Structures are given as C-alpha cells and as structure tokens.
Amino acid sequence: MRLNRALALGASLLVLLGACATGGGSTQSPAASTAPSTAPSAAPATPSAPPPAIRIGSDGFYESKLMGEIYAQVLEANGYTVERNLGLGPRKVSAPALESGQIDLKPEYIGSGLGYYDKTKPTGDPAANAAELATILAAKGISVLGFTPAQDTNAFVVRKETADQYGLKTMSDLTAVADKLTWGLPPECATNPLCAGALKDAYGIDVAAQKVKALAACDAPIAEALQNKAVDVAELCSTQPAIAQFGFVLLEDDKRTQPAENIAPLVRDDYLAKVDKAAFSKLLDDVSAKMTTAELTRLGVEVAVDNKDIKDVATAWLKATSP
Amino acid sequence: MDLLAATFAWLADPAHWQGPDGIPTRLEEHLAICAVSLLVAAALALPIGAFIGHTGRGALVAVNAANVGRAIPSYAVLVMVLPISLRLNPEYGLDIIPTFTAMTLLAIPPILVNTYAGLREVDPDLVEAARGMGMRERQVLLRVEAPIALPVILGGLRTAAVQVVATATLGAIVAYGGLGRYLIDGIARQEDDRLLAGVILVAGLALVTEAGFAIAARLLASPGLERTVEVRPYRELGEVPRPPDLAP
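The rules we used
- Note on numbering: residues in each chain are counted from 1, in written sequence order.
- Going through the entries in the order they are written, you letter the chains from A and number the ligands from 1.
- This being a predicted model, a pLDDT of at least 70 is required before a residue's local features are given, and a value of 80 or more before pairs of side-chain atoms are given or counted; all residues contribute to the totals for chains, interfaces and linings.
- Lines fitted to C-alpha atoms define the axes, with helix axes restricted to the stretch in contact, and inter-axis angles between N-to-C directions lie between 0 and 180 degrees.
- Put simply, DSSP H or I for four residues or longer makes a helix, DSSP E for two residues or longer makes a strand, and each gets a number counted from the N terminus.
- Oblique is the label for any angle not under 35 degrees, not over 145, and not in the 65 to 115 range, which are roughly parallel, roughly antiparallel and roughly perpendicular in turn.
- A crossing counts as left-handed when the near helix is turned anticlockwise from the far one by less than a right angle, and as right-handed when that turn is clockwise.
- Contact between residues is assigned whenever the C-beta positions, reconstructed from backbone atoms, fall within 7 Å.
- Here the nonpolar group is Ala, Val, Leu, Ile, Met, Phe, Trp, Tyr, Cys and Pro; Asp, Glu, Lys and Arg are the charged ones; every other residue, Gly included, is treated as polar.
- Exposure criterion: with C-beta atoms placed from backbone coordinates, a residue whose C-beta has 20 or more other C-beta atoms within 10 Å is buried, one with 12 or fewer is exposed, and one in between is partly exposed.
- An arc is given here, and it is the one of the directions from the helix axis to the C-beta atoms.
- Strands are treated as partners if at least two bridges between them are detected by DSSP.
- Each domain span listed reflects an automatic or database assignment of domains.
- Scored from 0 to 100, pLDDT records how confident the predictor is in each individual residue.

(A) Representation of the packing of helix α10 (residues 220–227) of chain A against helix α4 (residues 74–88) of chain B in the model. Put simply, α10(A) and α4(B) touch, their axes get as near as 9 Å, and they point 10° apart. Taken together, the axes of α10(A) and α4(B) are roughly parallel relative to one another. Regarding α10(A) and α4(B), the two cross each other, and that crossing is right-handed. In contact with P221(A), E224(A) and A225(A) of α10(A), α4(B) contributes L82(B), P83(B) and L86(B). Of the residues assigned to the contact of α10(A) with α4(B), the class counts are 5 nonpolar, no polar and 1 charged.

And the structure:
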C-alpha cells in the first residue's frame, strides 16, 4: 500500500510539474488548469476559438501508450493542442489521475477498467462492459467514447500448421481434437474460472485430462514453446507480438468466455463541455473503429520487437488508415 | 497461525499424496533432476579439479572460471538456454534440458573448487614421501592425496547438492515438475498453503541432503585423518596372561 501511494504521489507530482511546465506558454492554460471535478458548467467553445489543450495520459505499458499517442495525433491533426502524459503507470495510478482531473483522457480496456471498479461486472460482451463502465464513470464526471474492435484479452493460440491440419478457427473447433494436442496453460489454470472453468463449461474440455505444460500466459517462454512445437495450443494475450511474429492463429472465443477487453478513450466531462462534444467524439470514434486486434498486434511488433518509436508507429498507422 | 494450520492440513490431505501432482511424484521428479545434474557435474568437475589440484597447472583459469560461473544466476541460465534447447529438441527442450543445464552449471563450481583446494592442502612432505617410496603419479593422487583431501572434496559435493536441491525449484518456471511446482503454482493460484507446503518440503529435502552427506563424510573419511586413533599401551611380549586353572 505504501509503495502504491508513493507511486501515485510521484506520478501526480510529475503530472503537475508537466502541466505547469508546458502550461505557461500556452494561451489556453487558464482553461486547461481549472480546478478538478468542477461541475461541467463551462459553456461550449465558440467554433472560432481554438479548443483548449487536452492532457492525454496512459498506462505504463507500450500498448496503452501507443493508443494514447494515436488519439493524441488525431486530435493534433484537427487543431487541438495536446499535452502528453503517457506511461503514467498501472491503473492504480492512471485511474485516480483521470478521476482527479490531472489528465483529461486516457485509453482504457473496458473489461479490466470495469473490473477496477467492480470485480464481478466484466463479461464477454463488449457492449455490456462499455455500458456498465459508462454508468459507473458517469457519476465521476467521465465519459466512455466508442471502443475499438481490437481486444487485448487472454486467448488460445495455435500454430498455423495445427490450425490447417485440424481446421481450427474457433475455440469450439478445439473440443474434438483437444486430446491430440499438448496444452501450454498457466500454473493457476486449474483453479481459474476463466481458464479451466471456461474450457470445461463452454467448450467441454477437461484440462485435468489433457497433456499440459505449465507456463505463464502472455510470456515469452510460452510463445517460444508454441513456436518450437513443445506445446500445440497456448494461452497468450490476443495482441501479443509473438502472434504476428510467428504467424500463430488466434482462435476465436466463440462462446465469449473471456472478459471483453476492447479499448475505449475515457474523457473527462468538464473537458468535453469546453469543446464541440459531437465532433470530438466522432474524431476518436472513427479512429478507434479502425483498430482491429490484428492491426494492434502488428503495431505491437513494430514497437516491442523492432523497437520503433511509438510516435513514428502511430503516425505511420494513421497515415496508412486515413483516406 | 491459520496459515500454518492450513499448511499442515494441506500436507496431511491424502489427495496431495497421489497422482501426477502428488508429493511422491513431485519428489521423484525433483530427486531425478538433482541426482542427474549432480552426477554429471561431478563427472566433469572431479577430474578437472583433481588434475589442477595435483599438478597445480591451470589453477588460476579453472578456479576463476568456476567463480564466474557462481556469479551467473541459475534463472538467467534457464532463460538463456530455453530458446536454444527448444530449437534443438521440442520434446525435452522446454523443461528438462534447461533445468538440467542450469543445475549442472550450479553444481560444478563448488565441486571443482573444493577438489582443487582439498588436494592443494595435502602436506607436500607426504606427497614427496609417496614419490620417494616409488609411487607413480596416479598412485600418489589416488592413494595419498585423494584420501587426505576426501573430507574437503565431500564438502564441495555437499554444498553443490544442497544448492541444487533448493534451486531445482526454478525448473517449474519452464514447466518442469519437481517440488518447485508447489511454489510456482502456489504463487500463481494465490494458495498460500500450497506455497508454504512446498517451502517446507524443499527445506526438509535440503536438510536431509545435508545430513546425508555429513554421514557419508564420516563413514568414508580415512580414520587416520581427523579422529585421534586410540593408542594402546605397549606390552612386553613375555607378559602373556595365563589361564586361571594353571595358577599356582
């Protein structure tokens, strides 16, 4: 607890410092640094005035930073001034930063983001998660914009040749051939309702009866084990770069057993009140709609494997996808 | 105290003493990887240590190399070996080969260094005397130096064995079985009783190993080395006790 508080404090200080340092030169600084959580009373900006600066934050890992950067560049391209506070840290830091008004926008996973407020709520239905999250956040003065088709959730993955050999596309296809495969499953799988529980209840696969190698999910060793045929089906994260790198096939979770983890921008209402809300939302919704799981995985390879700069990757992707 | 009670309840549960995840199976897996790693490490380190200890040649290189080996964490070895071994052999490259490699590399330095040091510590006068008696070098090594150095050499094996027994738990990270399974699974499942039971089992096995080598050292060590030999009073040859019936 003490460490988390220290982290949160440190991150808050950094955000404040950042806001002070960059705020001075900008003409919109009084508007941008209004007291946190005031009621959304400010009148919408007139079309002629430039929109006030928006402070965009993100969680600490590359995917969250990348989404934050993409939203930042879209807004910049449309006349917004952006202050970047990307990579704030874990949700325990970034969520309070948004709630307290230290940042105005952050990309969020609608499953884990919902679970942060209520562990029992996340479901496999993206729309339900987004709606539930919106209800909870409305009370905190935060809006949930449209979510991406892309999901970063736990997923079962096979090599392409295995998929071809048994005609595997969905998790349901696995049921019939489960006994013929070696499974790479995390050590907690047996007791995790989203792992062994989901496989048994939704797909009729009894993990205890399978040939299993216990390997942490979403990690490098399990991906290497899959690639080198030490296991045939492995639990990875759906946007893990290894999937694109090694051409693995992501099996569709057709019974929706895993919590939907699509990504949506969370924006403070007091900021939205200062801009043309409909136009602002449309800008971000349009770009979110183009981000698929495969695209996000591919960009992950560029960032995490090829070590390209997140800014460059975001710019190139926006250029390639905008008409 | 609740955790301790839960741990003993876990250990007492008959369900945890059978099947592929039962304690006997895990213990067997643990002992197997430890024994094989130790045997291979000994087969490599004993001859090398004996050679440099006997001749004094290459000591600087070998001892420093061993000490550098000591500085590399076993976890790092595991992670570095994994991609290579997976490519070489998908069936054993995931779990057995990386664990075996890491444990063998862990066991070599103490055995090598102690063998060398044990032989170096042998009184040079004894070695000279042995040579003076006409012993060949091999005989000097095997009949004079090795028996005298044995307690130190066994000490190296003991250190290696205890370290390997405790560290082989890392194998569970790369899907190997053994007692480490309880540690890794206990952490992943947030089952503290499983975790603590694993800790107790590993610590217990390490203590048994330590004790086993201590006993072996006592049994194998030459009686002339540490224990003082009882000296009986010298008797005159003529003083043979007479049978009582012949007494005058």
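(B) The arrangement of helix α9 (residues 193–203) of chain A in detail. Residues and elements named next belong to chain A. Regarding α9, the residues found buried are C195, A196, A198, L199 and Y203. Relative to the axis of α9, the buried residues are bounded by an arc of 165° and lie together on one face. In α9, the exposed positions angled more than 90 degrees off the buried face are occupied by P193 and D201. Check the buried side of α9 and you find it contacts α8 (174–177), β6 (182–185) and β8 (233–237). Two residues or fewer after α9 comes G204, characterised by a positive phi angle close to 65°.

(C) Representation of the sheet that holds β6(A) within the structure. Residues and elements named next belong to chain A. On the basis of which strands lie adjacent, the open sheet formed by 5 strands has the order β7-β6-β8-β5-β9 and mixed pairing. Either end of the sheet is taken by a strand with one partner, and the two such strands are β7 (211–214) and β9 (249–250). Two strands pair when backbone bridges link them, and strand β5 (residues 154–158) and β9 are joined in this way by 2 bridges, in the antiparallel orientation. The residue bridging V158 from the neighbouring strand is V249, located in β9. Strand contacts of α10: β5, β6, β7 and β8, with the helix running at about 145° to β8, the strand carrying the most contacts.

(D) Summary view of the domain arrangement of chain A. All names here are of chain A. As assigned here, chain A comprises domain 1 (2–31 + 49–151 + 262–321) and domain 2 (154–250). Between domain 1 and domain 2, the residue contacts involve 11 residues of the former and 6 residues of the latter. For the side of domain 1 that touches domain 2, the element with the most residues is helix α14 (residues 293–305), which contributes 8 residues. Class assignment for the residues of the side of domain 1 that touches domain 2 results in 5 nonpolar, 4 polar and 2 charged.

(E) Structural context of the interface of chain B and chain A. Between chain B and chain A, the residue contacts involve 14 residues of the former and 13 residues of the latter. Breaking the side of chain B that touches chain A down by element, the ones donating at least two residues are α4 and α8 (180–188) of chain B. Top contributing element to the side of chain B that touches chain A by residue count: α4(B), with 4 residues. Class assignment for the residues of the side of chain B that touches chain A results in 9 nonpolar, 1 polar and 4 charged.

(F) Region of the structure containing the confidence of the model for chain B. Residue and element names in this part refer to chain B. With 90% of its residues at a pLDDT of 70 or more, chain B shows a mean pLDDT of 89. Within chain B, no element has a lower average pLDDT than helix α3 (residues 59–71), which sits at 86, and none a higher one than helix α2 (residues 23–55), at 96. The ipTM, which scores confidence in the relative placement of chains, is 0.77 for this predicted complex, and the corresponding pTM is 0.78.

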